[in-house]
Amino acid sequence: MIIDDKRIVKNNRLLELDQAKGMAIFLVIYTHCIQYICRGDGFDNIIYQCVYTFHMPLFMIISGYLFHSKMNVNIKNVITSQFKHLILPAIFLGGIVTLFCGGNINIVTLAKMPLVCWFLGNLFITSILYLIGKRLFKDIIITTVLLSISILLIPESYGCYFLKFFIPFFGFGLCLKKYGLLQIKIKRKVFLLFALVSLLICALVWDKSYYIYITPPLMKISNIIVHIIRFVVGSLLSILIILGFRQMTLPEWINKLLSNLSYNSMALYVCHYIFLTNISKYYYLQGYKEYENDIISLVSA
């Protein structure tokens with residue numbers, strides 16, 4: 001196995017992971033601006049459709065990859081650390097932004113913040129499930145397969161849509177780290193071939209109805225097939241983006257910008273999401289064409 005050490009930056013992180021994560025959080029803010037400021041049906045917007053095929057899978061794959069180093073740490077310490085880094089910031093930052101937007105704050109409102117910032121709450125639960133699963137089943141691949149299948153058996157009334165969606169991608173990220181797959185040098189011609197094949201597969205199998213918001217991961221044959229297609233498409237596009245950044249040599253200022261977005265992605269997620277959901281109750285745009293909404297949203301982001 002050939003490792004490209006030049007791509008490893010501080011804290012033993014791969015540069016392309018920070019680049020991809022930084023790009024992803026900006027795209028999340030951008031598409032949320034389309035959704036909340038321009039008040040259009042996001043899934044009728046081309047940019048929105050494209051971003052939503054990969055942005056959550058990309059975040060979960062990277063999260064799983066970075067979480068791998070904690071898999072063998074004392075479970076109590078990891079749960080405490082995850083709570084401090086995911087749940088408390090959601091409560092603290094969410095409360096501050098809600099006050100800034102003129103909202104009311106009380107114990108109930110603050111307690112619901114991890115649910116309002118649902119990505120962080122689901123990421124917290126997903127990481128804990130993998131900690132427990134790894135100790136029960138030992139092997140990370142077996143743990144991923146068993147968790148991905150067993151979570152589908154939980155009735156929908158328990159509200160596990162996003163857990164069912166997230167768990168396979170998080171496990172895939174753990175596997176990528178364990179086997180060092182993202183640190184293998186890939187020649188440009190091989191990458192271009194992979195990109196061509198991946199995009200072709202995604203174009204052939206993907207359908208607008210496959211988004212998690214439209215077709216939830218139910219325990220039905222048709223929905224399970226959609227669930228598998230989502231995993232394949234999300235994984236292929238996420239790996240393509242990560243490897244694409246590896247192939248590029250970007251100016252240093254862009255690297256710093258993307259890295260700063262990556263390092264602060266959690267705070268950016270909480271602050272922008274609470275801000276937009278509150279401000280959109282009083283201020284939003286209507287009557288503009290799609291390309292005009294896209295430009296306004298880009299400037300707003």
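Before reading on, note that the structure itself is shown above.
None of these values were measured; they are calculated from a predicted model. (Residues numbered from 1 in each chain as written. Predicted model: local features only at pLDDT ≥ 70, side-chain atom pairs only at ≥ 80, totals over all residues. Heavy atoms only, no water.)

A.B. asks: Explain the overall build of the protein to me, using residue names and the numbers behind them.
C.D. replies: For the protein, the helix and strand inventory stands at 14 helices and 2 strands. Taken against the 2.2 N^0.38 rule, which gives 19 Å for 301 residues, the C-alpha radius of gyration of the protein at 19 Å falls within 12% of a compact globule. With respect to the three principal axes, the spread of C-alpha positions in the protein is 55 × 45 × 45 Å. For the protein, the proportion of its 301 residues judged to be buried stands at 50%. For the protein, the proportion of contacts with a sequence separation of at least 24, taken over those separated by at least 6, is 79%. Computed over 27 positive and 13 negative side-chain charges, the inter-centroid distance for the protein is 10 Å. (Helix = DSSP H or I, 4+ residues; strand = E, 2+ residues; numbered from the N terminus. Rg over C-alpha atoms; globule rule 2.2 N^0.38 Å. Buried < 20%, exposed > 50% of the residue type's maximum accessible area, 1.4 Å probe, protein only. Contact = heavy atoms within 4.5 Å. Lys, Arg positive; Asp, Glu negative; His and termini not counted. Charge placed at Lys NZ, Arg CZ, Asp CG, Glu CD.)

A.B. asks: Which residues make up the pattern of salt bridges, and what values go with them?
C.D. replies: Counting across every chain of the model gives 2 salt bridges. A salt bridge links Asp139 to Lys178, with the nearest nitrogen and oxygen atoms 3.6 Å apart. With a gap of 39 residues between them, Asp139 in the loop between α7 (118–137) and α8 (140–150) and Lys178 in helix α9 (residues 161–178) connect regions that are remote in the sequence. Assessed through its relative accessible area of 24%, Asp139 is described here as partly exposed. (Salt bridge = Lys/Arg side-chain N within 4 Å of Asp/Glu carboxyl O.)

A.B. asks: Kindly report on a nonpolar patch on the surface, identifying the contributing residues and their values.
C.D. replies: Together, Leu193, Val197, Leu200, Ile201, Leu204, Val205, Ile228 and Val232 give the surface a local cluster of nonpolar side chains, amounting to about 700 Å² of exposed area. Among the elements of the structure, α10 (188–205) and α11 (221–247) are those that each provide at least two residues to the nonpolar patch. Among the elements that line the nonpolar patch, the one with the most residues is α10, at 6 residues. As for its placement among the helices and strands, Leu200 is situated in helix α10. (Patch = residues over 30% accessible without salt bridge, like charges linked within 9 Å, V, L, I, M, F, W, Y side chains within 5 Å. Areas by Shrake-Rupley, 256 points an atom, 1.4 Å probe, with all protein chains shown as cover.)

A.B. asks: Break down the environment of Ser69 for me, with residues and values.
C.D. replies: Inspection of the secondary structure assignment puts Ser69 in the loop between α3 (55–67) and α4 (75–100). Taking the C-alpha atoms as reference, Ser69 lies 8.9 Å from Lys177; in sequence the two are 108 residues apart.

A.B. asks: Could you give an account of the side chain of Ser63, naming the residues involved and the relevant values?
C.D. replies: Along the chain, the position of Ser63 falls in helix α3. Given the relative accessible area of 18%, Ser63 is considered buried. Dropping the residues within four chain positions of it, Ser63 is found in contact with Leu123 and Phe170.

A.B. asks: So, the packing of α4 against α7: which residues are in play, and what are the values?
C.D. replies: Running from amino to carboxyl end, α4 crosses α7 at an angle of 170°, the nearest separation of the two axes being 9 Å. In terms of orientation, α4 and α7 fall into the roughly antiparallel class. Of α7, the residues touching α4 (which contributes Ile75, Val78, Ile79, Gln82, Phe83, Leu86, Ile87 and Ala90) are Leu120, Gly121, Leu123, Phe124, Ser127, Ile128, Leu131, Ile132 and Arg135. (Axes fitted to C-alpha atoms, helices over the stretch in contact; angles between N-to-C directions. Parallel < 35°, antiparallel > 145°, perpendicular 65-115°, else oblique.)

A.B. asks: Can you explain the packing of aromatic side chains? Please cite residues and give values.
C.D. replies: By the definition in use, this model includes 20 aromatic pairs. An angle of 20° between the planes, with centres 6.1 Å apart, marks the rings of Trp118 and Phe166 as stacked. Here Phe166 lies in helix α9 and Trp118 lies in helix α7, a separation of 48 residues in the sequence. An aromatic cluster of three or more residues is present, and its members are Tyr36, Phe59, Trp118, Phe119, Phe162, Phe165, Phe166, Phe169, Phe172, Phe231, Tyr269 and Tyr273. (Phe/Tyr/Trp six-rings, centres within 6.5 Å; stacked < 30°, edge-to-face > 60°.)

A.B. asks: Kindly report on helix α12 (residues 252–263), identifying the contributing residues and their values.
C.D. replies: Compared with an ideal rise of 1.5 Å per residue, which puts 12 residues at 16 Å, α12 spans 16 Å between its outermost C-alpha atoms and is within 8% of the ideal. All buried positions along α12 are accounted for by Asn255, Leu258, Ser259, Leu261 and Ser262. One side of α12 holds all its buried residues, which, seen down the axis, span an arc of 160°. Every exposed residue of α12 that faces more than 90 degrees away from the buried side is listed here: Glu252, Trp253 and Lys256. (Expected span 1.5 Å × (residues − 1). Arc of directions from axis to C-beta.)

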